[in-house]
Amino acid sequence: MIPFNKPYYSGNELSLISEVMETRILTGDTEPIKRCESLLENKYGFKKVYLTNSCTMALEMAAVILEIKAGDEVIIPAYTYVSTANAFALRGAKLVFADSKKDQPNIDEDQLESLITPHTKVIVVMHYAGISCNMNKILEIAKRHNLFVVEDAAQCIDAYYKNTPLGSIGDIGCFSFHETKNIHCGEGGFISINNPGLIRKTEIVRNKGTNRTDFIKGEVNKYEWMGLGFSAIPSSISAAFLLAQLQKIDEVQEKRRAIWELYYQRFSSSAAGAAFKLPVIPADAKANAHLFFLICNDESERNELIEYLKLNGIQAVFHYQSLEISPYYKSRIPRAENAQRLSECLLRLPLYFDLSVKEAGFIADKVLEFYSERLKKNI
Ligand SMILES: *Cc1c(COP(=O)(O)O)cnc(C)c1O
């Protein structure tokens, strides 16, 4: 069976972990944590990076940093991972769901203004598959209504909008290093702070609500409870693992992009490929080959394709269920129709560093074979 995902290993993880073990310093702002953070700041130009235990944690921190409270409204994509919404629901915010574009997962920026009320505080965007949302338009709307912008950039390492890295455009960007992402440390992530006015607050929120960071810098002679916070700093063991991966990111990206291109070329140059929809990457966006998706015409076709691929030893998987109709948040009148359609029709193909070009070619063949048989049978 060709699995949907295989977590990447660079081969240097164990030696970097042994070095950390020898130091006997496993927690706090240790050397491997600082090295990962400065590597990310220097390579991508993020203003301030703090490693976290997960992207979920970074999103929960964002809600506390922005002082979201009961009664505040937060605009959230309906088509996203649970964590994007849960982070703000935890603070008692009222969630206002924004629909996707027609046949593409990112939010439809043209609908945003109709969702804004005097209670709106934040627009949260999620760049699906590392493909940028229309950030110029979204920032312009946010500025006009005096709103914060949080980017759920969980999938976006090494992805760009107009040559600017995703996650460095809004006030806050939240990234994931979960094992399903391009590079990872099992569970991990980071928060990138682009609004300098939020840096001090972030240092308190990530350190259990204390000013321990000031204490370590020698700026105060004791540390105290300053506000709400989390235990967000990962162990140095995770950071050492991550550092081994960050050092190889260019190689990882080159390989992933080659597989993504192979799928895209094969599908867009074949007659059977016209029977389904492909990812659309806007001219001003550079994606990061985080995942390759296609959009089938309806749910039964999508499920038949999953079965067909499975019979051929290929694991392909669907993705999010629209949050608007989730058991926890059941709105009486679901409005996000495009998001719901994606829940039914979107399919992801295997894409990981160890996938060979030959295997990717075989997967593309099988997808095209499924559609040419349907065309022959006139389905
Ligand atoms: C992976 C992912 C998350 C969660 O990341 P964790 O690091 O597992 O918490 C959140 N949002 C999106 C869009 C994701 O893809």
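Engineer: Help me understand the sheet that holds strand S11 (residues 189–193) in this model?
Structural biologist: Within a sheet, each strand pairs with its neighbour through backbone hydrogen bonds, oriented either parallel or antiparallel. Taken together, seven strands build an open sheet; the order of strands is S1-S11-S10-S7-S6-S2-S3 and the sheet is mixed. Two strands in the sheet have a free side with no partner beyond their single neighbour: strand S1 (48–52) and strand S3 (94–98). Strand after strand, the sheet turns through a mean of 20 degrees between neighbouring axes, direction not considered. Bridge count between strand S6 (residues 120–126) and strand S7 (residues 148–152): five bridges; the pairing is parallel. Paired with Ile123 across the strands is Val149, a residue of S7. Where helix H2 (residues 31–44) meets the sheet, it contacts S1 and S11, and its direction lies at approximately 135 degrees from that of S1. Where helix H3 (residues 55–65) meets the sheet, it contacts S1, S7, strand S10 (172–176) and S11, and its direction lies at approximately 160 degrees from that of S10.

Engineer: Help me out: how do you make sense of the pattern of salt bridges in this one?
Structural biologist: Opposite charge on two side chains makes pairing possible when the charged atoms of those side chains draw close. Enumeration over the complete set of coordinates arrives at 24 salt bridges. Note that Lys69 is salt-bridged to Asp72, the shortest N-O span being 3.2 Å. Taking the relative accessible area as the measure of exposure, Lys69 reaches 47% and is therefore partly exposed. A relative accessible area of 5% places Asp72 in the buried class.

Engineer: So what exactly am I meant to see when it comes to the domain arrangement of the protein here?
Structural biologist: Where interface size is given, it is often the accessible area lost as the parts come together that is meant. Assigned domains within the protein: domain 1 (13–246) and domain 2 (249–378). Spacing between the C-alpha centres of domain 1 and domain 2 amounts to 27 Å. Counting residues at the interface gives 39 residues for domain 1, matched by 39 residues for domain 2. Summing both partners gives a buried area of about 3300 Å² for domain 1 against domain 2, and 56% of it is carried by carbon and sulfur. Scanning the region where domain 1 abuts domain 2 turns up five salt bridges. Here Asp103 and Lys277 are joined by a salt bridge, their closest N and O atoms 3.6 Å apart. Summed over the shared surface of domain 1 and domain 2, the number is 24 residue pairs in polar contact (both at pLDDT 80 or more). Listed by contribution, the elements that provide at least two residues to the side of domain 1 that touches domain 2 are H2, helix H4 (82–89), S3, strand S4 (100–101), strand S5 (104–107), strand S8 (160–161) and helix H8 (236–246).

Thresholds, definitions, all that
- Within every chain, residues take consecutive numbers counted from 1 along the sequence as written.
- Reporting in this predicted model follows two pLDDT cut-offs: at least 70 for local features of residues, and 80 or more for side-chain atom pairs to be given and counted; totals over whole chains, interfaces and linings ignore these cut-offs and use all residues.
- With hydrogens and water stripped out, all remaining heavy atoms of the structure feed into the side-chain values.
- Paired strands, in this sense, are two strands between which DSSP finds at least two bridges.
- Secondary structure elements follow DSSP: runs of H or I of four or more residues count as helices, runs of E of two or more count as strands, with numbering from the N terminus.
- Fitted lines through C-alpha atoms serve as axes, helices being fitted only where they are in contact, and the angles separating the N-to-C directions of these axes extend from 0 to 180 degrees.
- Contacts are assigned to residue pairs with any non-hydrogen atoms lying within 4.5 Å of each other.
- Whenever Lys or Arg places a side-chain nitrogen within 4 Å of a carboxyl oxygen from Asp or Glu, that contact is recorded as a salt bridge.
- A simple rule labels every residue: compare its accessible area, found with a 1.4 Å probe on the protein chains alone, to the largest value its type can have, and call it buried under 20%, exposed over 50%, or partly exposed in between.
- An automatic or database domain assignment provides the domain bounds reported here.
- Buried area is a sum: the accessible area each of two parts loses on coming together, probed at 1.4 Å, counted once for each and added.
- Under this definition, polar contacts are N or O atom pairs within 3.5 Å; protein pairs additionally need one hydrogen-donor-capable and one acceptor-capable atom, and for neighbouring residues in sequence, both atoms have to be side-chain atoms.

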